[in-house]
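Geometric and topological summary
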Amino acid sequence: MAKKKTQAPKTKNWDSLWNEYSSLLKKWAQNLETLQKTSSDVQAKYNEVMLKAANESSEKTLKEFHKNWQKAMNDAALEAFKQFDKNWQNITSESGMEQLKAYGELMDSFAKTWQKMWQK
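Numbers given to residues run from 1 along each chain, matching the order in which its sequence is written. In keeping with the predicted nature of the model, local features appear solely for residues at pLDDT of at least 70, side-chain atom pairs appear and are counted solely at 80 or more, and the whole-chain, interface and lining totals rest on all residues. Calculated side-chain values reflect all of the structure's heavy atoms, with hydrogen atoms and water omitted.

A short note on the overall build of the chain
To keep things clear, this is the line we draw: Numbering of helices and strands runs from the N terminus, with a helix taken as a DSSP run of H or I at least four residues long and a strand as a DSSP run of E at least two residues long. To sort residues, take the accessible area from a 1.4 Å probe on protein chains only and compare it with the maximum for the residue type: under 20% means buried, over 50% means exposed, and anything in between is partly exposed. For every accessible area listed, the method is Shrake-Rupley and the probe measures 1.4 Å; residues are considered covered only by the protein chains on display.
Helix and strand counts for the chain come out as three helices and zero strands. Tracing the chain from N to C terminus, the helices and strands come up as α-α-α. Counting over 120 residues, the chain shows a buried share of 7%. Put simply, the chain shows about 11,000 Å² of open surface, and 60% of that area lies on carbon and sulfur atoms.

Shown next as structure tokens:
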């Protein structure tokens, strides 16, 4: 009589994969929280600076400040998106994500095959 194989290795692999996914999700949530807090801080500081500038500066100085502020914000936003893209690529290239992508591709292939079988 053949012995039944135990499911422990598959369960361990699943647990490891799930823990890795959970860890990445926590990192993402922390990064999002940091981004939201930083955005709020930037807006508050901008309001403070604009109030001070409006009360103490000439119109020419205000225009110059506004122009420089817009350029700085555009540069910062571009850099933030570049960093997000780099972080996203790092996250998706980690081994757990590779396994998850492979699983997704497998499920996609299965769904296509399933559809072909039942269209007839």
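Now that the structure has been shown, we can carry on.
Remarks on the packing of aromatic side chains
Applicable threshold: Each pair of aromatic rings taken from Phe, Tyr and Trp, with Trp reduced to its six-membered ring, is defined by centres within 6.5 Å and is described as stacked if the planes are under 30 degrees apart, edge-to-face if over 60, and tilted in the remaining cases.
Following the criterion strictly, the structure yields four aromatic pairs and no others. Ring geometry for tyrosine 46 versus tryptophan 69: centroids 4.9 Å apart, planes at 40 degrees, classification tilted. With a gap of 23 residues between them, tyrosine 46 in helix H1 (residues 8-56) and tryptophan 69 in helix H2 (residues 59-93) connect regions that are remote in the sequence. In this structure tyrosine 46 comes out as buried when scored by relative accessible area, which is 19%. Feature note: the residues Trp14, Trp18 and Tyr21 constitute an aromatic cluster, connected by ring pairs.

Considerations on the layout of surface pockets
What counts is decided by this rule: In this analysis, the protein atoms alone were mapped onto a 1 Å grid. Cavities are point sets where a 1.4 Å probe fits without being able to get out; pockets are open sets with protein on both sides within 12 Å along at least five of seven lines; lining residues have an atom within 4 Å of a point. Grid points are joined across faces, edges and corners, and a volume is the space filled by probe spheres set on the points. Residues are grouped as follows: Ala, Val, Leu, Ile, Met, Phe, Trp, Tyr, Cys and Pro are nonpolar; Asp, Glu, Lys and Arg are charged; every other residue, Gly included, is polar.
Counted as a void, the largest pocket has a volume near 390 Å³. Around the largest pocket, the lining comprises 12 residues; the ones closest to its centre are Asn31, Leu35, Ala80, Phe84 and Asn87. Each residue belonging to the lining of the largest pocket can be placed in one class, and the counts come to eight nonpolar, four polar and no charged.

Re the pattern of salt bridges
As a reminder of what qualifies: Any carboxyl oxygen of Asp or Glu within 4 Å of a side-chain nitrogen of Lys or Arg constitutes a salt bridge here.
Taken as a whole and judged by the stated rule, the model has six salt bridges. Of the charged contacts in the structure, one is a salt bridge between aspartate 41 and lysine 37, with a shortest N-O distance of 2.9 Å. Pair noted here: aspartate 41 and lysine 37 are both in helix H1, with a separation of four residues, about one helical turn. According to the relative accessible area criterion, aspartate 41 is partly exposed, its value standing at 41%. For lysine 37, a relative accessible area of 53% puts it in the exposed group. Among the ionic pairs, lysine 63 bridges to glutamate 59, the shortest N-O distance being 3.5 Å. Here lysine 63 pairs with glutamate 59, and both are found in helix H2, just four residues apart, close to one helical turn. When sorted by exposure, lysine 63 lands in the same class as glutamate 59, which is exposed.

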